[in-house]
Amino acid sequence: MKKLATAAVMLAGLAVPAGPAAAAPGDYWVVGGDQAARQLIAFDPAATDWNSSAAVKWTWQPSVTPGRFTADEVAAFGLIADFKLRERPAGGQSVVVAAGGTKGIAAIISYPGGVRQWAQILPGNLHAAELLPDGNIAVAASTGGWVRVYASSQGPAAAAYAEFRLTDAHAALWDPGIRRLWVIGQDVASGRPILTALAVEGTPAQPVLREDTQRRAVLPTGGGHDVYAYAHDANKLWLSTGSAAYLYDKTTKTFDGALPGGASRGAVKSIGNQPSGQIVQTRADAAKTPPGACTRNNWCTDTVDFFSPAGTRRRTGAAFYKARVWSPYYSVADRPLRGTVWDRVRGRSGAWDASATEIDGNGAISDVAVAALPDGSLHVLSVVPGSGVWARSRSAAGVWDEHAVKIDDNGDVTEVSAAALPDGSLHVQTVVPGAGVWDRTRSAAGVWAASSVKIDANAAVSAVSAAGLPDGTLHVQTVVPGAGVWDRTRSAAGVWAASSVKIDAGTDVSAISAAGLPDGTLHVQTVQRGRGVWSRARSAAGVWDAAAAQVDANGSVTAVSGAALPDGTLQVQTVVPGSGVWSRGRSAAGVWDAGAVKIDGNGSVLAVSAAALRDGGLHLLTLPDLA
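These numbers come from a predicted model, not from an experiment. (Residues numbered from 1 in each chain as written. Predicted model: local features only at pLDDT ≥ 70, side-chain atom pairs only at ≥ 80, totals over all residues. Heavy atoms only, no water.)

Observations regarding the overall build of the protein chain
Looking only at helices and strands, the protein chain features two helices and 48 strands. Its C-alpha atoms give the protein chain a radius of gyration of 27 Å, within 12% of the compact-globule value 25 Å for 627 residues. Projected onto the principal axes, the alpha-carbon positions of the protein chain cover approximately 80 × 45 × 45 Å. Residues counted as buried form 58% of the 627 residues belonging to the protein chain. (Helix = DSSP H or I, 4+ residues; strand = E, 2+ residues; numbered from the N terminus. Rg over C-alpha atoms; globule rule 2.2 N^0.38 Å. Buried < 20%, exposed > 50% of the residue type's maximum accessible area, 1.4 Å probe, protein only.)

Brief notes about the pattern of salt bridges
Counting across every chain of the model gives 24 salt bridges. A salt bridge links Arg392 to Asp360; the shortest N-O distance between them is 3.1 Å. Here Arg392, found in strand E29 (residues 388-394), pairs with Asp360, found in strand E26 (residues 357-365); they are 32 residues apart in sequence, far enough to count as distant. Classification of Arg392 by relative accessible area gives buried; the value is 12%. Taking the shortest distance from any N to any O, the salt bridge between Asp408 and Arg440 comes out at 3.2 Å. Taken as a pair, Asp408 in strand E30 (residues 405-408) and Arg440 in strand E33 (residues 436-442) lie far apart in primary sequence, 32 residues in all. You'll find Asp408 and Arg440 in the same group, each marked buried. (Salt bridge = Lys/Arg side-chain N within 4 Å of Asp/Glu carboxyl O.)

Looking at the side chain of Arg586
Note that Arg586 resides in strand E45 (residues 580-586). For the buried Arg586, no salt bridge exists, and the shortest N-O distance to an oppositely charged side chain is 5.9 Å, to Asp519. Ignoring any residue separated from it by four or fewer positions in sequence, one finds Arg586 in contact with Leu517, His523, Thr569, Leu570, Val591 and Trp592. (Lys, Arg positive; Asp, Glu negative; His and termini not counted. Contact = heavy atoms within 4.5 Å.)

Section: the nonpolar core
With 26 residues, the main nonpolar core has Trp182, Val227 and Trp238 as its most contacted residues. If you list the elements that add at least two residues to this core, you get strand E12 (167-175), strand E13 (180-186), strand E14 (193-202), strand E16 (226-229), strand E17 (236-240), strand E18 (245-249) and strand E20 (268-273). No other element matches E18, which puts four residues into this core. Apart from the residues lying within four places of it in its own chain, the contact partners of Trp182 are Ala171, Ala172, Leu173, Asp175, Leu195, Thr196, Ala197, Arg215, Val227, Leu237, Tyr248 and Lys250. Counting residues in each nonpolar core, the second largest holds 21 residues, with Trp29, Ala76, Leu85 and Trp326 among its members. (Core = buried A, V, L, I, M, F, W, Y, C linked by side-chain atoms within 4.5 Å.)

Notes on unusual backbone geometry
The omega torsion of the bond from Thr289 to Pro290 falls at -5 degrees, within 30 degrees of zero and hence cis. Within the element layout of this structure, Pro290 appears in the loop between strand E21 (279-283) and strand E22 (303-307). Going from Ser308 to Pro309, the amide bond is cis rather than trans, its omega being 0 degrees. Assignment of secondary structure puts Pro309 in the loop between E22 and strand E23 (311-314). You will see that Arg38, though not glycine, has its phi angle at about 55 degrees, which is positive. Looking at the secondary structure, you find Arg38 in the loop between strand E1 (30-34) and strand E2 (39-43). Backbone geometry places Asn125, a non-glycine residue, at a positive phi of 60 degrees. Topologically, Asn125 is positioned in the loop between strand E7 (116-122) and strand E8 (126-131).

Examining the sheet that holds E23
The pairing of strands in a sheet happens through backbone hydrogen bonds and is either parallel or antiparallel. Strand order in the open sheet made by the four strands is E20-E21-E22-E23, with antiparallel pairing throughout. Each edge of the open sheet carries a strand with a single partner, namely E20 and E23. Across the sheet, the mean angle from the axis of one strand to that of its neighbour is 20 degrees, orientation sign disregarded. As defined by bridge partners, E20 adjoins E21 across five bridges and the pair is classed as antiparallel. Looking at E21, one finds that Gly272 is bridged to Val280. (Pairing = 2+ DSSP bridges. Axes fitted to C-alpha atoms, helices over the stretch in contact; angles between N-to-C directions.)

Describing the packing of aromatic side chains
On inspection of all chains with the given rule, the structure shows 15 aromatic pairs. Aromatic side chains Phe43 and Trp50 sit 4.1 Å apart centroid to centroid with 0 degrees between the ring planes, which places their arrangement in the stacked category. Given a relative accessible area of 1%, Phe43 falls into the buried group. With a centroid separation of 4.7 Å and an interplanar angle of 45 degrees, the aromatic rings of Tyr248 and Phe255 are classed as tilted. (Phe/Tyr/Trp six-rings, centres within 6.5 Å; stacked < 30°, edge-to-face > 60°.)

Points about the confidence of the model for the protein chain
Per-chain confidence: the protein chain averages 91 in pLDDT, with 95% of residues scoring 70 or above. Confidence over residues 1-23 falls short of pLDDT 50; this stretch has 49 contacts with residues more than four positions distant or in other chains. (pLDDT = per-residue confidence, 0-100.)

Here's the deal with the sheet that holds strand E4 (residues 79-87)
The strand order E4-E5-E6-E7 describes an open sheet built from four strands, whose pairing is antiparallel. Each of the sheet's edge strands pairs with one partner strand only, and the pair in question is E4 and E7. In this sheet, neighbouring strand axes are inclined to one another by 15 degrees on average, regardless of whether the strands run parallel or antiparallel. Two strands pair when backbone bridges link them, and strand E6 (residues 104-111) and E7 are joined in this way by six bridges, in the antiparallel orientation. The residue of E7 that forms the bridge with Ala106 is Gln120.

Quick word on the pairing of E1
Most of E1 is tucked away: five of the five residues are buried. Of the two faces of E1, both are covered, the one formed by Val30, Gly32 and Asp34 as well as the one formed by Val31 and Gly33. The sheet contact formed by E1 and strand E24 (residues 320-325) spans four bridges and is antiparallel. Each residue of the ladder has a partner; that of Val30, found in E24, is Val325. Pairing of E1 with E2, which is carried by five bridges, proceeds in the antiparallel orientation. Bridge assignment links Val30 to a residue of E2, and that residue is Phe43. Where E1 folds back onto E2 in an antiparallel hairpin, the turn is made up of four residues, including Arg38, whose phi is positive at roughly 55 degrees.

A short note on the environment of Leu381
For Leu381, the position within the fold is in strand E28 (residues 378-384). We classify Leu381 as buried; its relative accessible area is 0%. Sequence separation between Leu381 and Val405 is 24 residues; the distance between their C-alpha atoms is 9.5 Å. Residues within four places of Leu381 in sequence aside, it is in contact with Asp367, Val368, Ala369, Val389, Trp390, Ala391, Ile407, Val416, Ala418, Val428 and Trp448.

Structure below.
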């Protein structure tokens, strides 16, 4: 598979000039699903004669030997409907395939070897397939009226699945920017043609699908068909309907049909573009004037069309339904989420402000943390991937610094947490994948240490939180995927414990926060995938609870923060994608509120962090997704 320089630039998030000659350096092979030959064929787009052997770079069709498919699975592979190449997080590449009909097949194969990794014979006229980052496969079935996510990560014959009902479902595309699965079809209740996004929740073994209704858009024309990534802008998608093709803007929810070279037309079965900018399409021969050569059915073609610059490639006798630009990436750049930072205040009376205030307009921020010092000042830490960690302060008088100051120039930092100690010092913890957890100190006089200190060498840490206690000790919690949650202590004298203590054996913790109460107790909140939010306490005497208690049963929660108030109460905030931010309190007597209260209706919030001031006010920092 071709991976050339232009693609590398694209993945770095830089703009790629559009419009050079066909098959420009950096362009990928084009793969067609030939229903006549019952195989996938990869072509060199620079070759003008696709009937020549020199133009063919790779072919595949299922086989009993050496492909390890059953004879029934091989027989079900006829009406090739979709196929995508994807890189797997654990390494290597795979291809997902969907073949339709009353008895079709969905499969995952190794690439380029083509050996079966998972497969299921399925009814419902399969039209699309996508490989999710966790190894599960998403499948859309048109006559079945559903989109399913199968737990293919659990083994080559895993049959468990989650289902979302969608009439005439035709497309499935994972979007790494918003962590959603784009699908296209018709609303079950109203029959309106829609594009919408599904949150894939639960666990890899037991996935759950939920529509992110804030992402839903009604199509301008009926017969939604294909959805694919646009190679120059992660905020846009290609899509086609029965009568037109469009570029869709995810932010404005607008459909642009003014495509170059007449590329917006009816009966487009697949659409994408190369890094060079050239558009790649298939259109049914039956819809062309005059009709094309493929007469096997009303959806096939023997030709792949190119626009900007224009061109065609034909393979005699072929029956292509779709052709794909053979890129292994989900989007223009498979990158972390980004947003700006907002501050919402809960007054001493317990009432939340009606709106939040933007305090950092840098749209490249990926994580945020906040801590309040004894002098009444507030300190916000922001991670800018590729740049480092920046700090912005709010004085006790309520005045924010005009600019943020860089305190760590390590561009590889992915997570940040912060905690204030009674002596007026501030500690900031950062996670550097592959290098562990580091702590940097700001003295009570406002001077940052020249460098960070490594406090945890575990290269697998994925999340961090911290809290200071009234006795001057600092506790830092780390999440190690598949292993649990650990706590490391720094004494009031500034000495770090030689090792961490395991405080939670949960293997599916995805987010964490911590807060130290005035009574000396420490409370750690964890988000467990599909199982809500749990809290575990450490007494003032240093004894941890034997088990965590569930404080929120909403399995859709993705992020959490906790803050201790001077009156001994604890406030815990949770993020529910597509819904907003919710807050639940725990009284000084240890009683949790009966339910959570929605405090922010922004369904695109990615991260939260909270801190309480000495006057009893609470500041909640949110990071809404810009996409």
